Each structure stands twice: as structure tokens, then as C-alpha cells.
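In case you want the letters, here they are:
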Amino acid sequence: MAKRGGFPGGMPGNMANIMKQAQRMQRQMEEKQKELEVREYSASTGGGAVTVTVSGKKEMLSVKISPEACDPDDVEMLEDLILTAANEAMKKAEDDSQALMNSVTGGLGGLGGGLGF
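Residues numbered from 1 in each chain as written. Predicted model: local features only at pLDDT ≥ 70, side-chain atom pairs only at ≥ 80, totals over all residues. Heavy atoms only, no water.

Per an unreviewed UniProt entry, the protein goes by the name Nucleoid-associated protein SAMN02910262_02089 and belongs to [Clostridium] aminophilum. Word for word, the UniProt comment on the protein under Subcellular location (unreviewed entry) is "Cytoplasm, Nucleoid". (UniProt positions renumbered as here; feature names shortened; annotations may be inferred.)

Printed below as a string of C-alpha cells:
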């Protein structure tokens, strides 16, 4: 009897389709990762007193501080504003990254975790 739906060497046709889908998904994820790397995310705190911008690579690109936020008697408040804005900008980048990867993987857990996102 002849084997049905297979390749020489015993790989079933179903497995070949799964491999093709996985390769396509990997290419799509790599494209999305490149797309994310050029995006920028900004967050402001203190009513716009501090604005931090980060890249999709999660690198800080800029910190803008309004002169009103520079109170020499309250440096701790300025530090807190910078920290909060930086964390919020990073969170925006992470959320966008997760959303894009989920659009490729269909929400499958564990896929894309090796991309550093």
C-alpha cells in the first residue's frame, strides 16, 4: 500500500504545512519587530512638566523638562516626574509590541518571547 499525504523520508503532509506556517509566522514577527524599532512613544507627567520619549527598542530618546518643573528646593519631585514619565513611555512601547506580536501569533502563548519584548 502506498503512503498517503506524505513526503519521502516519512514527513506527513500535515507536518510540512505546520512548518510552512511556522516559517511564515517567524518572518511576520521579524517584520513587526523591525517596524516596532522605528516607532517612538512619549509620555508626560505633572501636567506636561516632564515628557519622556522612548524608541520601540526601549531606549530613551529624549527628556523634556519645562522650566516650571525645576524647583531647586524640590528635586525629588522632578526625579519622580521623570521616572514616572519614563516608565509610562516604556509601558506604551511594551503594550504596542505585545499587540503587534499577538496580531501575528493570534494570541498563542509563548511565541515571540524570544524577541526581547
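Once you've had a look at it, read on.
**Some points on the sheet that holds strand β3 (residues 60–65)**
Reading across the sheet, the three strands line up as β1-β2-β3 and stay open at both edges, with antiparallel pairing between neighbours. Only two strands of the sheet have a single partner each, and these edge strands are β1 (40–45) and β3. Within the sheet, the average angular offset between the axes of one strand and its neighbour, ignoring direction, is 15 degrees. Bridge count between β1 and strand β2 (residues 50–55): six bridges; the pairing is antiparallel. Bridge pairing in β2 links Ser-42 to Thr-53. This element, helix α2 (residues 75–105), spans β1, β2 and β3 of the sheet and lies at about 145 degrees to β1. (Pairing = 2+ DSSP bridges. Helix = DSSP H or I, 4+ residues; strand = E, 2+ residues; numbered from the N terminus. Axes fitted to C-alpha atoms, helices over the stretch in contact; angles between N-to-C directions. Contact = heavy atoms within 4.5 Å.)

**What to know about the pairing of β1**
Where burial is concerned, the two faces of β1 differ: the one with Tyr-41, Ala-43 and Thr-45 is buried and the one with Glu-40, Ser-42 and Ser-44 is not. Connecting the antiparallel pair β1 and β2 is a turn made up of four residues, with Gly-46 showing a positive phi of about 65 degrees. (Buried < 20%, exposed > 50% of the residue type's maximum accessible area, 1.4 Å probe, protein only.)

**Comments concerning the confidence of the model for the protein**
On average, residues of the protein carry a pLDDT of 83, and 80% of them reach 70 or more. Between residues 111–117, whose pLDDT stays under 50, and residues either more than four places distant or in other chains, the model counts 15 contacts. (pLDDT = per-residue confidence, 0-100.)

**Concerning the pattern of salt bridges**
When the charged atoms of two side chains with opposite charge come close together, those side chains can pair. Per the counting criterion, the structure on display carries four salt bridges. Linking Glu-35 and Arg-39 is a salt bridge whose minimum nitrogen-to-oxygen distance equals 2.7 Å. For Arg-39, a relative accessible area of 28% translates into the label partly exposed. Here the residues in one salt-bridge network are Glu-35, Arg-39 and Asp-96, joined through shared partners. (Salt bridge = Lys/Arg side-chain N within 4 Å of Asp/Glu carboxyl O.)

**Topic: the environment of Leu-78**
Tracing the sequence through the fold places Leu-78 in helix α2. Between the C-alpha atom of Leu-78 and that of Thr-45, which follows or precedes it by 33 residues, the distance is 9.9 Å. Contact partners of Leu-78, with chain neighbours within four places excluded, come to Val-50, Ile-65 and Ala-69.

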